[in-house]
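Below are the chains, spelled out letter by letter.
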Number of protein chains: 2
Amino acid sequence: MLVKQLKDNESSTYTYLIEDEPTKEAVIIDPVKEHVEEYIQFLDSLNLKLKYILDTHVHADHITGSGILREKTGAESVLGEQTKAACVSRKVKDGEVLSFGSIDIKVISTPGHTPCHVAYLIEDRVFTGDALFINGCGRTDFQGGSAEQLWNSVTGKLFQLDPDTLVCPGHDYKMKRVSTIQQEKDLNPRFKNQTKEGFIELMNNLNLPDPKKIHEAVPANEACGV
Amino acid sequence: MLVKQLKDNESSTYTYLIEDEPTKEAVIIDPVKEHVEEYIQFLDSLNLKLKYILDTHVHADHITGSGILREKTGAESVLGEQTKAACVSRKVKDGEVLSFGSIDIKVISTPGHTPCHVAYLIEDRVFTGDALFINGCGRTDFQGGSAEQLWNSVTGKLFQLDPDTLVCPGHDYKMKRVSTIQQEKDLNPRFKNQTKEGFIELMNNLNLPDPKKIHEAVPANEACGV
């Protein structure tokens, strides 16, 4: 399995292209609309066939490339079953397994940042979107977010994975790239030595400004970015 | 490929156990003498056959478990060709390839912390020992170390690997677990925006005390820890 981590500098989003080498089937996680041509060039250069476009959630800070990628490649777009995006090819639920080549993708429902949020477990990597960052987590103060749900998703589901599982986040604002479940349990200041009540209070009092693109991005993403 | 990262808390050393799942062959990287029984229990619990014991270098801060593991498992112990440890089963040179199951181990000579230091590239992970840490690097002020050689090893060899290669270090003193080549190029303060001359001056003026166990560990490790 080959994993390529691509970055959108404007929104500090990480997009992942994952290839099953023997079959040349591939998936992409959280593509950003402005980079769709690059993704297609990359897929073409390695002669890859895109099978799934996996969004972890309906983003508020960038527009998904899923709709255009679907049109151009014929791949199926995927979101968690709680999404309002009727345009998506396939809605997945907790525990569901998709596959490309010989590789399984296990869907882990991780609501909290948004109700529809899912993480994707692929071999020894978990793609955590905006549920879990390196030393942080996504916000819970818009788009139906819930600090209590996020606490349950992270501590009850992601932190129960094998401690050596690599954490591949949806963003990092300080150029960090990868972590492990053990590292996040040991070091993440949002969860370490914290109670559910303390976490909820912390998250509900961050008082951050809305993401710049939220009023454009959410409706665009509910239309698959097209 | 399954990778388990084990920690020796006293010396903050990371030891890695790596398994080729189809064949059950395994290797261990930088084992610590005090934990040999744990490693053997772990190997036995998964019915693994240990093929190689790979030390990245002759350590100054802990005693290797390689000699005892070799006695108990029949595996071959491995060190870089520049080592003075005559007891080692096999001395490897830059570019040499070993294998276990269907997995290749590429030896990358990375002198600087010690003259014999090698890194091991296994699929998408590089086990960097004390050549490259997360946000740091090994010392160059004892055991034949050379800041100029370390600069050349890190910038000329490790930083030339695929940027998505996972960096699995030999130590971390702040509980971080994993990084990538891209992250180290972007963030490592020892190398970022640095010149070779600046790095040499920095490394030659750290004025750190000797590791506590150096006078015990180096001769013990030159005798394979037995």
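Think of each chain on its own: its residues are numbered from 1, step by step along the sequence as written. As they are written, the chains are lettered A onward and the ligands numbered 1 onward, keeping that order. For a predicted model such as this one, the threshold for reporting local features is a pLDDT of at least 70, and the threshold for listing and counting side-chain atom pairs is 80 or more; totals across whole chains, interfaces and linings nevertheless cover every residue. As a rule here, side-chain values cover all heavy atoms of the structure and leave hydrogens and water aside.

Another aspect to go through is the environment of A:Phe199. All names here are of chain A. The way it works is that DSSP assigns letters per residue, a run of H or I at least four long becomes a helix, a run of E at least two long becomes a strand, and they are numbered from the N terminus. With respect to the element layout, Phe199 can be found in helix α5 (residues 196-204). Taking C-alpha positions, Phe199 is 36 Å from Val226, a pair spaced 27 residues apart along the chain. Contact criterion: two residues are considered in contact whenever any of their non-hydrogen atoms come within 4.5 Å of each other. Look past the residues within four positions of Phe199 in its chain and what remains in contact with it is Cys137, Ala147, Leu150, Trp151, Arg190, Phe191 and Gln194.

Turning our attention to the relation of the copies chain A and chain B. With an axial shift of 0.0 Å and an RMSD of 0.0 Å, the rotation relating chain A to chain B amounts to 180°. These values place the two chain copies in the arrangement generated by a two-fold rotation axis. Interface overlap between copies: 100% of the residues of chain A at the interface are likewise at the interface in chain B, consistent with a symmetric, same-surface contact. Residues below a pLDDT of 70 in either copy are left out; the C-alpha atoms of the rest, at least 70 in both, set the least-squares superposition of the copies.

Residues and elements named next belong to chain A. Among the structural elements, His35 can be located in the loop between β3 (25-29) and α1 (36-45). Each polar contact in these results corresponds to two N or O atoms within 3.5 Å; when the atoms are within protein, one needs to be able to donate a hydrogen and the other to accept it, and residues that are neighboring in sequence are counted only if both atoms are side-chain atoms. Within the local environment of His35, its side chain forms a polar contact with the side chain of Glu38, the two groups lying 2.7 Å apart. Filtering out sequence-adjacent residues up to four positions away, His35 remains in contact with Lys7 and Asp8.

Attention now moves to the packing of aromatic side chains. Residue and element names in this part refer to chain A. The rule is short: rings of Phe, Tyr and Trp, with Trp giving its six-membered ring, pair when the centres are within 6.5 Å, and they are stacked under 30 degrees, edge-to-face over 60, tilted in between. Per the counting criterion, the structure on display carries 14 aromatic pairs over all chains. With a centroid separation of 6.4 Å and an interplanar angle of 50°, the aromatic rings of Tyr14 and Tyr16 are classed as tilted. Note on Tyr16 and Phe127: the rings are 4.9 Å apart at their centroids and 70° apart in plane angle, and the pair reads as edge-to-face. Highlighted residues: Tyr16 in strand β2 (residues 13-20) and Phe127 in strand β10 (residues 125-129), separated in sequence by 111 residues.

Moving on to the state of the cysteines. All names here are of chain A. Disulfides are defined as cysteine sulfur pairs within 2.5 Å. Following the criterion strictly, the structure yields two disulfides over all chains and no others. Put simply, Cys87 and Cys224 are joined by a disulfide, and their sulfur atoms are 2.1 Å apart. On the sign convention where negative means left-handed, the S-S torsion of about 95° between Cys87 and Cys224 marks this disulfide as right-handed. One end of the pair, Cys87, is in the loop between β5 (76-80) and β6 (90-92); the other, Cys224, is in the segment after α6 (214-222), and 137 residues separate them in sequence.

Of the residues lining the interface, 18 residues belong to chain A; the matching set on chain B comes to 18 residues. When chain A packs against chain B, the two sides together hide about 1600 Å² of surface, and 50% of this comes from carbon and sulfur. Among the residues of chain A in contact with chain B, A:Asp164, A:Met175 and A:Arg177 are the three that bury the most area, contributing 30% of the side total. Salt bridges are defined by distance alone: a side-chain nitrogen of Lys or Arg within 4 Å of a carboxyl oxygen of Asp or Glu. The tally of links from chain A across to chain B stands at two salt bridges. We note a salt bridge from B:Arg125 to A:Asp124, for which the minimum N-O separation is 2.8 Å. Here's the idea: put two parts together, see how much 1.4 Å probe accessible area each one loses, and the total over both is what we call buried area.

We now examine the confidence of the model for chain A. On a range of 0 to 100, pLDDT expresses the predictor's confidence in each residue. Averaged over all residues, the pLDDT of chain A equals 97, while 100% of them reach at least 70. The complex model carries a pTM of 0.97, and its ipTM stands at 0.96.

This part covers α6(A). Exposure classes here rest on a 1.4 Å probe applied to the protein chains alone. A residue is buried below 20% of its type maximum, exposed above 50%, and partly exposed in between. When α6(A) is considered as a whole, its buried residues turn out to be A:Ile214, A:Ala217, A:Val218, A:Ala220 and A:Asn221. With its phi angle positive at about 60°, A:Cys224 sits one or two positions after the end of α6(A).

All names here are of chain B. A strand pair is defined by DSSP finding two or more bridges across the two strands. Spatially, the six strands line up as an open sheet ordered β1-β2-β3-β4-β5-β6, and their pairing is mixed. Every interior strand has two partners, whereas the edge strands, β1 (2-8) and β6 (90-92), have only one. Averaged over all pairs of adjacent strands, the angle between strand axes in this sheet comes to 25°, irrespective of strand direction. Note that strand β3 (residues 25-29) and strand β4 (residues 49-54) share five bridges and pair parallel. Only C-alpha atoms enter the line fits that serve as axes; for helices the fit covers just the stretch in contact. Angles between N-to-C directions range over 0 to 180 degrees.

Turning our attention to the pattern of salt bridges. Any two side chains of opposite charge can pair if their charged atoms end up close together. All names here are of chain A. This model, assessed by the stated rule, comprises 22 salt bridges over all chains. With its nearest N and O atoms 3.8 Å apart, the salt bridge here joins Glu19 to Lys24. Among the residues examined, Glu19 registers a relative accessible area of 6% and is labelled buried. The structure contains a network of salt bridges with shared partners spanning Glu10, Glu34 and Lys213.

Turning our eyes to something else, we now look at the packing of helix α3 (residues 147-156) of chain A against α5(A). All names here are of chain A. Where α3 contacts α5, the axes come no closer than 9 Å and their chain directions differ by 130°. By the angle between their directions, the pair α3 and α5 is classed as oblique. Along this stretch, α3 crosses α5, giving a crossing that reads as right-handed. Where α3 approaches α5, its residues Ala147, Glu148, Leu150, Trp151 and Asn152 are matched on the opposing element by Lys196, Phe199, Ile200, Met203 and Asn204. Note that Gly is not counted as nonpolar here; it falls among the polar residues with everything else outside the nonpolar set of Ala, Val, Leu, Ile, Met, Phe, Trp, Tyr, Cys and Pro and the charged set of Asp, Glu, Lys and Arg. For the contact of α3 with α5, the residue count by class is six nonpolar, two polar and two charged. If an angle is under 35 degrees, it is roughly parallel; if it is over 145, roughly antiparallel; if it lies from 65 to 115, roughly perpendicular; otherwise it is oblique. Crossing handedness follows the turn of the near helix against the far one: under a right angle anticlockwise gives a left-handed crossing, and clockwise gives a right-handed one.

The residue A:Asn193 is not glycine, and still its phi comes out positive at about 50°. Inspection of the secondary structure puts A:Asn193 in the loop between α4 (181-187) and α5. Residue B:Lys24 is not a glycine yet carries a positive backbone phi of 70°. By the element assignment, B:Lys24 lies in the loop between β2 (13-20) and β3.

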